[in-house]
Amino acid sequence: MQVREIMSRHAVTATPQQTIGEAAGIMQRVGTGFIPVGENDRLVGTLTDRDIVVNGIAQGRSVDSAVTEVMSHDVLYCYEDQDVAEVARNMGAQQVRRMPVVDRDKRLVGVVSLGDLSCNGDPSAAGAALEQISA
């Protein structure tokens, strides 16, 4: 089974120039704690609610600070045509619960989560990934 078969296709993004307050509003509106950060049709980072709190608020930054100041710049991603079990192993090794999904031109096409892997993909691979993430 390939990632494209189980991923969430409607990934909402933020830009590096948006404020963390705006990004938090986006997260609240769509009900997520994770959004990819894109610029000029390319993935340049990711932002989590934890990034906002730990890298932003705890460091004395205001809600008017730019996303680029608190986001994760190391972009971890998978391809839409990758095998679900392979991606689950990679998520476990990298200790991430969500991963942006790109096409072979490296354009964002969705997001895959441990929940997607567990409910729609390979539950045993998702369980092994969660075990690694929780360790």
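Calculation rules
- Residues numbered from 1 in each chain as written.
- Predicted model: local features only at pLDDT ≥ 70, side-chain atom pairs only at ≥ 80, totals over all residues.
- Heavy atoms only, no water.
- Helix = DSSP H or I, 4+ residues; strand = E, 2+ residues; numbered from the N terminus.
- Buried < 20%, exposed > 50% of the residue type's maximum accessible area, 1.4 Å probe, protein only.
- Contact = heavy atoms within 4.5 Å.
- Areas by Shrake-Rupley, 256 points an atom, 1.4 Å probe, with all protein chains shown as cover.
- Pairing = 2+ DSSP bridges.
- Salt bridge = Lys/Arg side-chain N within 4 Å of Asp/Glu carboxyl O.
- Arc of directions from axis to C-beta.
- Phe/Tyr/Trp six-rings, centres within 6.5 Å; stacked < 30°, edge-to-face > 60°.
- Lys NZ or Arg CZ within 6 Å of the ring centre and 35° of its normal.

Turning next to the overall build of the protein chain. Secondary structure summary: the protein chain contains five helices and five strands in total. Ordered by position in the sequence, the α and β elements of the protein chain form the string α-β-β-α-β-α-β-β-α-α. Across the 135 residues of the protein chain, 41% fall into the buried class. Counting only contacts in the protein chain whose residues sit at least 6 apart along the sequence, the fraction spanning at least 24 positions is 57%. Accessible area of the protein chain: about 7,200 Å², with a carbon and sulfur share of 45%.

Attention now moves to the pairing of strand E2 (residues 42–48). For E2, the tally of buried residues reaches five of seven residues, placing the bulk of the element in the interior. Bridge count for strand E1 (residues 34–39) against E2 is six bridges, and the pairing is antiparallel. Bridged to Gly38 within E2 is Leu43. Linking two consecutive strands that pair antiparallel, namely E1 and E2, is a turn of two residues; a positive phi of about 50 degrees is found at Asn40 within it.

A sheet is described by the order of its strands in space; here three strands give the open sequence E3-E4-E5, paired in mixed fashion. In this open sheet, the two edge strands, each paired with only one partner strand, are strand E3 (78–79) and strand E5 (108–113). Here two bridges tie E3 to strand E4 (residues 98–102), and the two strands are oriented parallel to one another. Pairing of Cys78 across the sheet is with Val101, part of E4.

Another point: the pattern of salt bridges. Taken as a whole and assessed by the stated rule, the structure comprises three salt bridges. The residue Arg4 makes a salt bridge to Glu80 at a minimum N-O spacing of 3.8 Å. With Arg4 in the segment before helix H1 (20–30) and Glu80 in the loop between E3 and helix H3 (84–94), this residue pair connects regions lying 76 residues apart in the sequence. Among the ionic pairs, Asp81 bridges to Arg104, the shortest N-O distance being 2.8 Å. You can see Asp81 sitting in the loop between E3 and H3 and its partner Arg104 sitting in the loop between E4 and E5, a full 23 residues away along the chain.

This paragraph deals with helix H2 (residues 49–56). Looking only at H2, the buried set comprises Asp51, Ile52 and Gly56. An end-on view of H2 places all buried positions within 100 degrees of arc, on one side of the element.

Looking now at the packing of aromatic side chains. Evaluation of the coordinates by the stated rule reveals one aromatic pair. For the pair Tyr77 and Tyr79, a centre-to-centre distance of 5.7 Å together with 90 degrees between the ring planes defines the contact as edge-to-face. Tyr77 sits in the partly exposed class, given a relative accessible area of 27%. Its guanidinium or amino end placed over the ring of Tyr79, Arg104 lies 3.7 Å from that ring's centre, counting from NZ or CZ.

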